[in-house]
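What the coordinates show
Here is what each chain is made of, one letter per residue.
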Amino acid sequence: MKERIKFIDLFCGIGGIRLGLDSQGFECVFSSDINTECQRTYKTNFGEEPSGDITKIDEKSIPDHDILCAGFPCQPFSISGKQKGFDDTRGTLFFDICRIINEKKPSVVFLENVKHMVHHNGGRTLQTILDKLEDLGYEVSWRVLNGVDFGVPQNRERIIIIGSLNGKFDFNKIKTVPRGRLLDFLDKEGEFEYLDPVDYTLIEKPKQQPGSGLMFAGYRNKSIRKVGVRPGTEHLSRVHKQPNRIYSVMGVHPTLPSQESSGRFFILTSDNRVRKLTINECWRIMGFPETYIKVSSVGEQYRQLGNSVCVPMITAVAEEIKNQFFGGE
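Residues numbered from 1 in each chain as written. Predicted model: local features only at pLDDT ≥ 70, side-chain atom pairs only at ≥ 80, totals over all residues. Heavy atoms only, no water.

1. Structural notes on the pattern of salt bridges
With the rule as written, the count across this model stands at 24 salt bridges. Among the ionic pairs, Glu-49 bridges to Lys-43, the shortest N-O distance being 3.8 Å. A salt bridge links Asp-187 to Arg-284; the shortest N-O distance between them is 2.8 Å. With a gap of 97 residues between them, Asp-187 in the loop between strand E7 (157-164) and strand E8 (200-202) and Arg-284 in helix H5 (residues 279-285) connect regions that are remote in the sequence. (Salt bridge = Lys/Arg side-chain N within 4 Å of Asp/Glu carboxyl O. Helix = DSSP H or I, 4+ residues; strand = E, 2+ residues; numbered from the N terminus.)

What follows is the structure, encoded as structure tokens:
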């Protein structure tokens, strides 16, 4: 690997992607995020305050770099299909990524987004993104990866898109690890918030779902709409929202969402009690290091985590970017 591969960190949030690339010896030369709380957390941990609104940043002012990283918001695209130029992405934040790529021509483009992008707008949004990167001269590949395959007990699926000027990225070479249990990531002691047994119902003999690794164990006794729901399936209904569900620590945890700012994540512990997952446990199952400094309110931390990435998954991708495009060690 040549000396100090440089990258930029767009829509950087609290730096989850940066942690993964830093671990491989890459050097961050520019970061950007519009959220002031994320900026504060990022500066506290990395010593640099991200630039603000990417739409107002001149692409010529951004330092030269080898890798462009962006965990960008998925906005609707007004026009789909392969067309030259940026007309079909103008008005979206992806256009800002494109104009930076067009100006700086990094060797590698590393994009991350929610799994739903695969199906957004009938698949046309993803196709537009792939087409634009190809128009800009990149060979592009993508895959949906899951955090549970990289050492964290969270079923968190994200699409990763890699574009390169020097050949197509091979996702098959990414190293995965056996799935773990939520039990092994829990705090040993603390002021846990337990539910009274009258406030929840457990199901008998919960089974682990083979695909996700989840073990649905019960639900809080909250009233829900039951019209149109088959008898006996009320607790499984889509109208029974995620914050009311309880999962066993012998399996993994569902995706931490950005909309949940109250931390209503309930687990069935190994001693058959139900409590909330603590904020520190949430940081842990996202793969952030214990040394990471949290400066925002607890509610804001839940939002930040919900918008972030599983760090070990990003690390594994970054390692293969290094191996495949920059000569490895």
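2. Topic: the pairing of strand E2 (residues 27-32)
Across 5 bridges, strand E1 (residues 6-10) lies against E2 in parallel orientation. Bridge pairing links Asp-9 to Ser-31 in E2. Taking the sense of rotation as the criterion, the β-α-β connection linking E1, helix H1 (residues 16-22) and E2 turns out right-handed. (Pairing = 2+ DSSP bridges. Right-handed = clockwise from strand over helix to strand, strands pointing away.)

3. Quick notes on helix H6 (residues 298-306)
The α-helix advances 3.6 residues per turn, and as a result positions three or four apart in sequence lie on the same side. Of all the 9 residues making up H6, 7 are buried; the element is thus mostly covered by neighbouring parts of the structure. Of the positions making up H6, those classed as buried are Gly-299, Glu-300, Gln-301, Tyr-302, Gln-304, Leu-305 and Gly-306. Against helix H2 (36-46), E7 and H5 lie the buried residues of H6. (Buried < 20%, exposed > 50% of the residue type's maximum accessible area, 1.4 Å probe, protein only. Contact = heavy atoms within 4.5 Å.)

4. Description of the sheet that holds strand E3 (residues 67-70)
The pairing of strands in a sheet happens through backbone hydrogen bonds and is either parallel or antiparallel. The strand order across the open sheet formed by 6 strands is E2-E1-E3-E4-E7-E5, and the pairing between neighbours is mixed. Pairing within the sheet leaves two strands with one partner each, and these edge strands are E2 and strand E5 (139-146). Direction aside, neighbouring strands of the sheet carry axes that sit 15° apart on average. In this structure, E3 lies alongside strand E4 (residues 108-114), joined through 4 bridges in parallel fashion. Following the sheet pairing, Ile-67 is matched in E4 by Val-108. (Axes fitted to C-alpha atoms, helices over the stretch in contact; angles between N-to-C directions.)

5. Regarding the packing of helix H3 (residues 93-104) against helix H4 (residues 124-135)
Axis separation between H3 and H4 bottoms out at 11 Å; the angle between their running directions is 15°. Our classification of the angle between H3 and H4 gives roughly parallel. In the crossing of H3 with H4, the sense of the turn from one axis to the other is right-handed. From H3, Phe-94, Cys-98 and Ile-101 reach across to H4, where they touch Ile-129, Lys-132 and Leu-133. Across the contact of H3 with H4, the residue classes break down as 5 nonpolar, no polar and 1 charged. (Parallel < 35°, antiparallel > 145°, perpendicular 65-115°, else oblique. Left-handed = near helix turned anticlockwise from the far one by under 90°. Nonpolar A, V, L, I, M, F, W, Y, C, P; charged D, E, K, R; others polar.)

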